[in-house]
Each structure stands twice: as C-alpha cells, then as structure tokens.
Amino acid sequence: QRSVWRGAAVAALDNMFIFLSKKIAIPNDIKLSSLAWNKEQGWIACGGANGLLKVLKLDQPGGGGGGKDANGSKLSMNQTLEGHNGAVMCLTWNHHYKKLTTSDEQGMIIVWMLYKGMWYEEMINNRNKSVVKSMSWNADGQKICIVYEDGAVIVGSVDGNRIWGKELKGMQLAHVCWSPDGKSILFGTAAGDVQIYDNVGQFVSKLNIFCLANTTGIPRLAGIEWYDGSEGYVGPTAPSLCVCFENGRVQIMRHEMDESPVLIDTGMRVTKCQWNHCGSVLAIAGSQFTTLSTGDERSINMVQFYTPHGEHLRTLKVPGKQISAIAWEGDGLRIALAVDSFIYFANVRPDYMWGYFANTLVYAYTLPGRTEHCVVFWDTKNSERYVKYVKSLLSVKASGDSCVLTAQTDDASGQYIVILCNAIGTPVESKYISIEPVYTAVTNSHVVVASKNCVYVWQFRSAKQLKGAGDVDAISRKAAGREWLFHIDDSPEMDSAAAAAAKAGGAAVAQDVAEFRKAKQETKDPICCVAASSKLIIVGRVSGTLHRYNVQHVALDMKHSLNCRPQLLSLNCTSSRLAIIDIAGLFSFYDLNFAGKVDADGNQTFGEHLDFERKDVWDMKWASDNPDLFAVMEKQRMYLFRGLDPEEPVSSTAYICHFENLQIHTIALDEIMRDPDHPSKDHIVNLETKSLRDSRDLLQNVGIADACQFIDDNPHPRLWNLLAETALEQLDFGVAETAFVKARDYMGIEFVKRLRKLDNKMYQKAEVAAYFRRFEEAECIYLDIDRKDLAVELRSKLGDWFRVVQLLKTGGAGNDELLERAWNSIGDYYADRQKWSSAVTYYVQGRNQSRLAECYYFLEDYKGLEKMSNALPENHALLADIAAKFVTVGLAEQAVAAFVKCGRVKEAIDCCVALNQWHQAVELAKVNNITEIDSLLAKYASHLLQKNKVLDGIELYRKANHFNDAAKLLFKLAREEYEKKRDPLRVKKLYVLAALQVEENHRFVKQVKASAAGHGGAKKKAAAIALEGLLEEDASVAHLAREHKQHIDNAWRGAEALHFFLLAQRQLYSGTIDAALNTALHCTEYEDVLDVVDVQSLVAIAAFTNKSFALCSKAFMKLESSDKLSEDTRKQYEKLALEIFTRHAPKDLKPSEWSLKKEGGGGLRDDGSGGGAGGAVPVCIVSGRMLLGLDNWMCQQCKHRAYDDEIRRCTTCPLCHAPVTGASGGGGGRDSTLARAVVAALVTLALVLLLELPAAAAASEGVPAGTGSLELRLLLDVPAAPARLNASDAADAAAVETFYCYNAPAGAPLCSPLAVALVDSRTGAPPAADVVAGLGVEARSVPAAAAGESDGYAGRLCAMPGVEPVDTGVIDRTLECGAGAGDGVVRPLAAGTATATFSWLVHTEPTLRPGHDDGGGDGDGDGGGAWDWSASRRIEFRLVNTLLAAADAPAWPVAG
C-alpha cells in the first residue's frame, strides 16, 4: 500500500494509537464539503450544501483516571450561521484574531466575528467573476491570500484592506499556502503544478515535483500543507512542507528548494491532508478499493498517519462513502473527519517520550525555537523538577530505579548514545553504539536496544548488586558492564567454553561490540518490538516470530510464532506470560510456560497463543507483585483483570505508571503536556482494584469478622495490611497480629507485641496514631496524659526540631543538652539548604563551633572565622580545621597563626610553601629549628625546573630570600636566551635582573646581621656588621660552582656587555660613527660574555664606516680565525675582506678615541681591548665615551658612572634603569655655572629645522607619499643680547647651513622654557596622527641667499612677536646624518631606533685668533682669521626618529 522511496534516517517508530470515539449528524442529511478546527479556542466550523454553515464546540475530554466525561460528548456551542446561498467550499480560521473566513461556490466571501458569545457577519465580498478555490492566513494572522479558479489572486489585511492583487493568466488555481516566515506564497494549479511567489506577488520559481515519477496522466493536486513551526520541530532536519496528489503520491520537503524530499505512495485516492499541531504527524485522508471475498470491489474510507520522515504510523478505517475534509484539534489529541453528512471524531493516543521510576516521572517535549528536547525529571512526592536538554533525543524508557535516554551524537560518526540516568537526571554511565536505537526496553539490570536488524544488550548491574544495592549510583564498573551485540538473523548460542568464560569474567559472548560489522546488514524480517524482564528478553519481528533469549548469557532459547504482527510486548513479573498488542490494537496473551506436544523426533514445543482477545487496546501494565493481575487501557476506559476476568471499567484516558499493592498509579500526560513546565499532583490519579475497595467497605460498614473472611477468600498482602490497620485502630491486637503474620510483616508483629506491654490505653492510642503517621493526634494524647517528654521524644524522632524547641521552652521536659541538640539540628536544617546566615544564628545558640566554622567558611566571612580562631584556646582540635580552611582561600597569615596556635609548625610551613610564601616559611623554620625547609625548597624548585617553569622557580627563590639561587637561574636563562640569537634586549634585561638579585642578597645579608646585632643587645659598629655580612656571604657562595661564583663576584658584567653591545648598534644606525666605533671596541673586553663573531663583526662594520681600516683589518683577521664559523661562512668573510682591502689600505684615516687613548698610554692592546698596565678604563654608560675625570655622576644602584651633561637627558639609569638622582650635584657644579653663563649670554632664538620626507622613503616605510614636510622648533630661555653659534669641527663638517639669528629689543620678555614642537609646514598646525616613519635627511650646503626660502630643508624665517631679524652674525650648524654625509644621498633612518644629532658650540665672548686661516674666503668678516672656541661648550640636540600612532600621539607642543 505504500513505499518510502527516499528520506532521512528514521528516529523511531511511534506506537501511537487512534480510534473513533464520537459521531455528530448534520440535520436534513446535508452533505458536508469543508471543515476547520480553531487551534486556540476549539471552535469547529463545518460547511456544506445549500449554504450550510455551523460553528460547534466540544467540551475538553477528561484526562484523569476518574473523569466522568472522558468522551467529551457535550456540545457547548451549536450555532448555525446564515449568509451563504451556495455550498460552502472553503473555511479558514484566523487563530490570533478570532475570526472565521468562509466562501461558497458562488464566490461570496464572508468574514465572521465573535460578539458576546455569538458569531456575526463583519465583512462581505463578492467578486461575481469566479469561484474561490482556497484561502490561507499567514502565520501571524496579519494577511490572507485568496485564490480564484480563473487565476486571480488577492492579498488582504486582517482589517479588510486590499494589499495587492494579481491576475495569473492561463492558470487554473486550486490551492494556496503561506511559508512559515510569510515571505513566500505557494500556488497550486489544477494541472498539478506548484508555483512559488514572494509576498509582494513576484514570481520566484517553480516547485520541483519528484513524487510523480513513473506515473501516467495528469494527477490533480489534493493539497499543500506547510507546518509553521509554532510548536517546535521534532528534529533539526524534519521536513514540514507536504505536497499531496489525488493519485496517492506525496512528497514531504524540508524547504521549497529541497532536492531530496521524502516520497510516499499511500496506495489510495487522496482527498485531503493536514499536519497536526506540532508537525510530528501527517494525516492523509482518502479511499482505497479492496476486493471482497465475493470478488466484488469496495471502496473503504481511511486515514493514514505518517511521520515527517515518511514512516507509516497507523491506518484508521472510517465508515461512509467519502471523506470530504479533515481537521486536527489544537493539541493534536483528536481529529475531525467530514464524512457525508456526519462529523466523526477520532481520539489519538500519542506515544509520548516518558517513563516512571522511583516515584519520578520523566518526560520529554520540544520547545519553539530550540532544536533540543527538554527532558523533565519530576519527583512526584516532593514536586521537585530537574530539567535537562538533550539533542536528537530518540526515546525515554524507565524501570525500577533507572532511566535510559537514547540519542544520536552530534558528530558525523553516525553513532548513537545510550545514557543511564538517576532520579534527578544526572548521567551515571553511557555507552556509544553503532546501531540505531529504534526500540528500547529496560530492566533493573539490563538495557536492551534494537534497530531494525540488530540487538544490543548492556548489563549495567550484576545480580549481586541487585541484592545489595538499590540505587543506580552504586553501580560497580568492575563487576558490571557486559555488552552483547548481534544480528537478529544470527543465533548467539554459547558453547561450553564461552559459557565458562561468561560465568568467570563476564566477557561479551555474541560479538565484539567494538568490531561488530553487521550493523547495517539488512534482513528480510525486520524487528518490530522488544520486551525484557529479569529472566527473559523477547524480540518480536514483523512476520510474527518471537525470539526468546536468556538474560543471564543472552543466548537464544527458542522461537515462537504468532498469527499477528506485534507492536507492543510486555512480560509479567514471573516471565511466564507475555502480553501482546498488535498493529490493529488487538490485545492477546502468549503462555511461555505451556508445554506442547512432542513431535516424532522427540522435540517438545513450548508456548501457546491464548484465545483471550480485547479490541482497541493501546496500553497495558502488569502488576509488579502478582503475575495474574494486569490493567488494560481500552479506548477511553481502564479494565482491571484478575486472571482473565475483568472488573468494572473506569473511564480514563491516563497512562499507567505503576501497578502494585492492588493500586494503579496513572498520569494524565495529556494534561501535563498542555503545560509541561508546571506539572501538578492533580494529574496523578490512584485507582484501586475491586477487592481492595470491597475490603475497605466491609471494614467500614460491616465488621472485622466478615472482612477477615472475605480477605481470607481473596488473599493479598495489601488486604491483610488493611485488616491489620483497622484492628489496630480498634486496639484488637489479636486480629492485628494475625493479619501481620499473614502479610509476613515482621515489624508489624513486633509493634503489636510492644503495644500489649503498655497498660495505658491512651498511651496505646498515641502509639497507634504515630504508627499511622497522625503525629499531631499522638502529640495531643501525650500532652493530655501529662507526658511532655514523650511528645518531645516523638518530635525528636521525626526531626521536627522547631516543635521540640517550642515544647522545651514551655518547661517540664528535657534539659540544656537536649535544647542545644535542638538548636544544632535546626542549624543543620538550614545548612542542608545552604542558608548559612540562618544556620549561624542557631549554631551560636547551640555552641557548635565546628559547624559554625563551616558556616563562616561558606559565607566567606573570613574575619569572623579569624575572630573565632583567636578566641579558641591553644591546641584546640578545631584550630587545624580552621587553618586548613584559610589555606584553601589563600590566607597564609591567618592559616599560619592557627597552625602555630595548635602546635603544628610543620603544617604551617607546608602552608607557606603551598601558598608560595617562602620568606615566611624560612622564618618559621629558623625560629623553630627546622632544617627540612632548604631541602623542600630545593625539591620544589627542581620540580618546577623539570616542568620547564624557570620563571616560577626564580620567583620561588626570590620570595624565599634565596637571591643567589635566583640569580644563578637568571644567569643561566640569560645565557640560553643569548645563544638563541633572538632578542638581545631581553638578554640584557635578564642579566640586569640577575645582577639586581645579587645586590639584593648583599642588602639582605647586611640587614640580617644588623637585626641580629640589635636583638643581641650589643651595639656594633656599621663597619663590623658589614664585615661580618661579607664574611658570611663569602661562606655561603664558597660551595657554588666556579662559573656561578664568578657571576656573583662580578654580577654586572653580563649586563654591561649587552648594554654596550646594543649602544654601539644604536650609535651606528644613528650616524654617530666615532661613538659607535669607540663603544664597539669597548665591547671586545666582554668576549667571555658576548660571542666573538658578534663583537668583531660589529667592530669591523664600525671601523669600516669610520674609515679606520687598520682596526677593520684586525677584526676581519679575528673573524677568519674563529673556530665558531663554518667553512662556507669563513670563505664569505675572506671574500669580503679581499674586496675591501684591495681598495683601501689597512690604515686608519680617522683615528678613534680609543686609538688616541692608546697613543697616550692608556694601556690598550693592539685590537683596542683593555686590560693593559693601566687597568680597565671607566666608560660613560650613556655615550660609551671614556671617563676622564673623577667627579662624574654615579648610579646609586649599579655603581656605574656617566658624564653629568650626558645623564641629564635621562630619567633613569641606562644600565639598570634606576631613577636618576643628583645629576646636577657633586661634580656637576662646573656645568651648572656654565649653563647659567650660557643663559645670560644667549639672545632670543627661534630655530626652524625643515626635514623633507622624500616620497620614495615614505613609500618604502609604508607612509603615503605627498604628506608634506615637518618642522622641529627649538626654543630657548635667552636674554636680549645677541650670541654667536658656530659649528664644531668645521673642517670635518659634512655640510654647513646658514641661518639668521634675531635680536630682541631691550626689555623684551623672555621666551618660554626649552620646548619641542612638530609642525606641518603646509598648514602651520600640528600634523594629523599619522605614522611618522623612515625620517630621512639630505645633507648638502645651502648658500646664505637661500636662507629663509621653503626649499628642501633650508631655514625658514619665523615671525615672533617683538622680534626683528638682523643681518649681524651668522649661525653655522653642522648636521651629522650618518656615513657618507655630504654626498647628496638621501638616507632614511630606521624607524624607532635612529637619532639625528645636531651640535652647536655656544660662547659669550668669542676671540678671533689673527694670522690663522681656517680655509679662507668664508665671507664672514673675520679677515681670514679663526675664532677661538676654547671657552665654548658643546650643546647637542637629538632628534629621535620614532613611530607616532593616533593613540600614542602626545599633546602639542611637547615640553622637553
């Protein structure tokens, strides 16, 4: 009858059941043609011939177990609407605005509205041209689309306004449907085509039809239905667009462009189709011809139900001639069918994902907008809910005290997961399997999962655990965990060896689960259901064959045959009888223990299919304590059976949860699913069997004797307990004891014996009331007989400590000890609920210091915890616990105090170690004479070093005041970093840090000695203390390795080496070649730290640039003789040396400062390195120049010196970066005097330096061309007297520029202090925050006539208020811009590293030496003489080439 051609993997085959429940006849046998059911309010509109239009409303059916009207047979509304003359063909509800739109065969459209409980006409429209074929509201109810047979389309709003209209010429329209988002409209034609338009009437495309392949003729379109997703989707890829044709072909698409839809052939002539409320079930109505036994053909009306993936769920046969329309109820529990002149109602019993175990109801549902299933674990006793979200959930099953969820994994592996959960939804264990879990069964120890062709069995609990543990959390992974996986066509029978192995170790005997390769192997007889108990596993197949497996070894015992296709199987508590519900809802039994006849071969058959049958059964449940009791849900009634005899039915539509002790627990899942977020205990209904009800009636109305006889005739433990309870109420202890014996209740027997010993009847009544949990009544009896102590004892046993306190406060019972216990118990009550503040109040009254400390800890009230620790006496047992709490939050000081107070010094030291407080740990160890601290420190440090956490180890030693050890690691780390040849600046920082640690060790030793001298009470001189400190320090480093001892003795040597190495390169790139060469030569003294190749390469470059070819030659000789070079590299050096010295003789054309020092007897070797007789030469750490005087500035931290005029430009020491202090004091007095003389002599000066940024250099550095030139303005504090400035070393100057100076009138105000401003020469304003990079300088002479012109970088006259330019005097400036300056070549400076230095000689009274010619003819009026600059002083201005970004751009001008 059907065939699924294409589709996605099926999640599960629902066991949904449907049956006809009600029929409504239309008066005058008027044939119905249309039907619609309002989803929100439940109104049913039906239209038919002769203008028939009715609105009906049915009462909601009772969902509980005891509802009086479970059938919902009452009509609360039955109104006939008048207005149509022809047959009403179309009906559609606007659920949001409570409006009904109808149309008849004459084209009249009427919109109806509800007013005071009645329906009235709101709007009428009649086009009078054609017939309306279909109408559809969009998802939000704002727009309606109406299509006419002649191709006209009208889209209107909810208030009746026309939005747009369109004529689709040549198309005979039949159906219309909106997309869920309202952006598209689908039009179906009579020819079977489906056209897609957008929401403004523009054609988009034509829908591809796949289901009509291999068909003849032109089938008519039966319907287009698109689920709007308002209630969520059953899966993330679930199809929702259904296109159905009258020939029975159906395609279900995920979207309108889906190229692989689900294809179905229903095998019937289709009239209508419709989705249910949540898109999980598609109903297709039509008729099918069948051949009778007489040979005649007969048409049978039926409705077929499918999943979105095309799986057939159920077929409902309907009486009558033709189904003209169908409509789902809003919650999907009923469906209405318009058949001839009747409306049939069919009830749907969905197969919800749910289970019941350990008083917990677990159920799953979907939410709109979420792809996951919401799984709720509801504790029906405490009304507590635990919510979990599971993606791709497939099933929920529960049994005993465990619940199993099956789902598909998110990855692309195609695997599935089986999750074992406890009662609060926490996953206990999970297994990944390769088969699709279509069917699932659960017992107290096993999970059985089956696909269409394979079976997987997982034993999560062993038999021993079942006896000893009752909670799924107590599962032992070692004993349990056996798994089996086999194909249904295989027979997993064990041989003797396999059985022995299974008995001994529990290995899987069927197939190796990890290597099972038959998971996708098809079978001709698929699996259709499974059932399991503590003894058997039953697997049902489509052919009716049952496979029976033994649970212990999962071995196939035998096969049974049924004469039906089973859909649901269930085993009773003894596994002796199997209940079967087939696909038609027929209920029957199969006796598994029946012994059949013996055949000729001597084989005996077992099992018999009993003759007992019940129709329309959709659920059943065996009693867990009686193999002959079971309950059956038959349509809307529940039947209870003892054996095969039914009791009186109870009207109910609830689902059976549990059947035990003659009571049936049912859940109204329909009501819960209407509001799944708020389940109520009202949805739980407990039903009793007839024997229990009769026994209770006899005990209440007749007497104990007759009831005893009845119970003796119908024995059951529950009935004997009921008799015992009634006898106890009447204090008939003889009958009560007999009943407890019959019920095998040992505790009850002991209770009766204890009651007999009591001689007071009131006391006995109180005990009986307490036994039946009537505690208020028992307490009142105790108080009436003046036994308040027994009332207090009762409340204490119950844990009602609030009432205990009330009773104790009234006096007459208990003592202070009991009152403290009550306060502490109340504190425990609040603490268990994490209400720590309330718990503190009661613990204080109960003087429970231990629990009080815990509350302070959880409240994070560490001050209160500290006060409590201070208040406790020494060696109190609680101090250690409080200290441990302080340790967990990192409060070392408080933890140490608590440990020391309780005498646990070792734990205090361990605490300091754990919290990295090594200094405090060392102090504690010394005070308490504990020697293990150093070994522990070394052990922990080695642990850190093994994990390559060197910096953590350094910090560890530093905090423990082991500064030499920290320095040792830093020296080692610096050496390793240097050998990597990555970042020399980082290496310098490491050497500086190591040296600082050595200096810190010096200070620490002195401080310890000074402190010891002070404690000793004797005053020692500072010199003596320092001497002792040095001697102890020498003793402490005596054991160190020679290399590390050298580092300690000369700690700053590594930092010096890297400092001068970097300084030489900065000087080289900034163009100060002489200084670079001097510094590079100084680096040769550190070849024990620096690489010889690096040092000599630097010397060679600097010497070559400075034209000191003799030094360059010596550097090349050392490079070529180095054993650290490879042969290829050595050859490259030789080749380079050959090219250089074939052009230049190895003579120094320009002697360096170090060469002059050598000539002067400075003790330098031939290669320029120190170490001669004169000893080491002191060097300025700022410029690298040799220090000639003794009154220079000295750093207070690293004890290195620098010229005063050099260090003034620095805020920190260039070597150790300590703040510069005292730069103008001491030996700087002479400089201060000279500075004051310069200020007194200088006039107002505005010096404008134009630096042109070449386009080529800018482009090479990433700066856009054409950004203009930049000015550097330097302003000085000067008086109003003119001054003379000339270039230094004019004979060696690379270029000379002529600028004009200005003479300010007398009394003019002084200029502002020295300031630097960067100005755009085009606008005169500060430049935009662009990147200034690759600053280049062109060195060339500019004639005096060109001064003042904005050409190149020539000077530009600067207009200043009150200042007039004069021609007297010139300013000669030397611009030093790198090697080869003056050759007219533009050389960009490297960004962020280079500096350009401009030097002037400033004097107040220059002296002209007559008769000396400096080269003559310079035109400055000096008569060929030369100026004597001996009294002058050099002033250098340094332009630093940097990167200025928008975020880092300073405010202009910058004071400097």
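A brief structural summary. Because the structure is a prediction, the values reported are computed rather than measured.

Rules and cut-offs
- Residues numbered from 1 in each chain as written.
- Predicted model: local features only at pLDDT ≥ 70, side-chain atom pairs only at ≥ 80, totals over all residues.
- Heavy atoms only, no water.
- Helix = DSSP H or I, 4+ residues; strand = E, 2+ residues; numbered from the N terminus.
- Buried < 20%, exposed > 50% of the residue type's maximum accessible area, 1.4 Å probe, protein only.
- Areas by Shrake-Rupley, 256 points an atom, 1.4 Å probe, with all protein chains shown as cover.
- Arc of directions from axis to C-beta.
- Contact = heavy atoms within 4.5 Å.
- Pairing = 2+ DSSP bridges.
- Axes fitted to C-alpha atoms, helices over the stretch in contact; angles between N-to-C directions.
- Phe/Tyr/Trp six-rings, centres within 6.5 Å; stacked < 30°, edge-to-face > 60°.
- Lys NZ or Arg CZ within 6 Å of the ring centre and 35° of its normal.

1. Here we look at the overall build of the protein chain
Then comes step 1: Assigned secondary structure in the protein chain consists of 35 helices and 73 strands.
Then comes step 2: Expressed as a percentage of its 1456 residues, the buried residues of the protein chain come to 49%.
Then comes step 3: Accessible surface, the protein chain: about 69400 Å² in total, of which carbon and sulfur atoms supply 50%.

2. Notes on helix α5 (residues 704–713)
Then comes step 1: All buried positions along α5 are accounted for by I704, A707 and I711. One side of α5 carries all its buried residues, which in axial view fall inside an arc of 65 degrees. In α5, the exposed positions angled more than 90 degrees off the buried face are occupied by A705 and D713.
Then comes step 2: Where α5 is buried, its residues contact α4 (690–701), α6 (717–729) and α7 (733–743).

3. A word on the sheet that holds strand β20 (residues 249–253)
Then comes step 1: Taken in spatial order, the four strands line up as β18-β19-β20-β21 in an open sheet, and their pairing is antiparallel. Each edge of the open sheet is held by one strand with a lone partner, namely β18 (221–226) and β21 (262–265). The mean inter-strand angle of the sheet, taken between neighbouring strand axes irrespective of direction, is 15 degrees.
Then comes step 2: Judged from the four bridges that link them, strand β19 (residues 241–245) and β20 form a sheet pairing that is antiparallel.

4. Here we look at unusual backbone geometry
Then comes step 1: Phi at S392 is positive, roughly 50 degrees, even though this residue is not glycine.
Then comes step 2: Since its relative accessible area comes to 23%, S392 is described here as partly exposed.

5. Things to note about the sheet that holds strand β6 (residues 88–94)
Then comes step 1: One open sheet accounts for four strands, arranged β6-β7-β8-β9; its pairing is antiparallel. The open sheet terminates on both sides in strands that have one partner only, identified here as β6 and β9 (118–126). When the angles between neighbouring strand axes are averaged without regard to direction, this sheet yields 20 degrees.
Then comes step 2: As defined by bridge partners, strand β7 (residues 99–104) adjoins strand β8 (residues 108–115) across five bridges and the pair is classed as antiparallel.

6. A short note on the packing of aromatic side chains
Then comes step 1: Scanning all chains against the criterion turns up 42 aromatic pairs.
Then comes step 2: When the centroid spacing of 4.9 Å and the interplanar angle of 5 degrees are considered together, the rings of F630 and F641 count as stacked. One end of the pair, F630, is in strand β50 (residues 629–634); the other, F641, is in strand β51 (residues 637–642), and 11 residues separate them in sequence. Take F630 and F641: they sit in the same class, and that class is buried.
Then comes step 3: Ring-pair connections join several aromatic residues into one group, and the members of that group are F587, F589, F612, W622, F630, Y639 and F641.
Then comes step 4: For the cation-ring pair, R370 lies above Y389, with the distance from its terminal atom to the ring centre recorded as 4.0 Å.
Then comes step 5: Its end group placed over the ring of Y639, R614 keeps NZ or CZ at 4.7 Å from the ring centre.

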